[in-house]
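Given next are the chains, with one letter for each unit.
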Amino acid sequence: MLPVQARALTGTALFVDVRETEEYEAGHVEGSVHLPIGEIRARWQELLGHEPVVVVCQIGQRSGLVADFLRGQGLDAHNLEGGLEAWSRAGLALTAASARGAVVDGFARDLSGRRIGG
């Protein structure tokens, strides 16, 4: 799902940010729920009844894995294509939980929370 399409669902869809805590605190979609990728398998049922779900990460890689997993569980889940980098490039606002207020570069993890690559 492209950022402008996702933005149109604000207030209807549940935005789930699967990045690490420090990434989320640096800036996130207003009203999003923070559920790190490493916790998805244990906590995905918390999302039942809150559909559709838009899954968010930095560039769309982690959120793509989670969206696929959630669809496999029967949820109406969508990946934010290009992640928050594309969201920001589209001129859409982020809300910061900390004073930094900027998207920070994270690193990829799989659904078990293990770091992917280098």
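Residues numbered from 1 in each chain as written. Predicted model: local features only at pLDDT ≥ 70, side-chain atom pairs only at ≥ 80, totals over all residues. Heavy atoms only, no water.

Once that is clear, we can look at the environment of leucine 9. With respect to the helices and strands, leucine 9 occurs in the loop between helix H1 (3–8) and strand S1 (14–17). Classification of leucine 9 by relative accessible area gives partly exposed; the value is 22%. In contact with leucine 9, other than residues within four places in its own chain, are Met1, Phe15 and Val54. (Helix = DSSP H or I, 4+ residues; strand = E, 2+ residues; numbered from the N terminus. Buried < 20%, exposed > 50% of the residue type's maximum accessible area, 1.4 Å probe, protein only. Contact = heavy atoms within 4.5 Å.)

Let's shift gears to the sheet that holds strand S4 (residues 77–79). In space, the 4 strands of this open sheet follow the order S2-S1-S3-S4, with parallel pairing throughout. The outermost strands of the open sheet, each flanked by one partner alone, are strand S2 (33–34) and S4. Two elements, S1 and S2, share 2 bridges in a ladder whose sense is parallel. Across the sheet, the residue bridging to valine 16 is valine 33, located in S2. Against the sheet, helix H4 (residues 61–72) touches strand S3 (53–56) and S4, its axis set at about 160° to S4. (Pairing = 2+ DSSP bridges. Axes fitted to C-alpha atoms, helices over the stretch in contact; angles between N-to-C directions.)

Under the defined criterion, the tally for this structure stands at 5 salt bridges. A salt bridge links glutamate 39 to arginine 43, with the nearest nitrogen and oxygen atoms 2.5 Å apart. Look at glutamate 39 and you get partly exposed, because its relative accessible area is 33%. For arginine 43, a relative accessible area of 27% puts it in the partly exposed group. Sharing partners across several salt bridges, the network here consists of Glu39, Arg43 and Glu46. (Salt bridge = Lys/Arg side-chain N within 4 Å of Asp/Glu carboxyl O.)

Let's shift gears to the nonpolar core. Formed by 18 residues in total, the largest nonpolar core has its most connected members in Val18, Ile40, Val66 and Leu70. Going through the elements one at a time, S1, S3 and H4 are the ones with two or more residues in this core. Sort the elements by how many residues they give to this core and H4 lands first, with 4 residues. Excluding residues within four positions of it along the chain, valine 18 makes contact with Leu35, Pro36, Ile37, Ile40, Val55, Val56, Cys57, Arg62, Ser63 and Val66. In this structure, Phe15, Val56, Leu84 and Leu92 belong to the second largest nonpolar core, which totals 11 residues. (Core = buried A, V, L, I, M, F, W, Y, C linked by side-chain atoms within 4.5 Å.)

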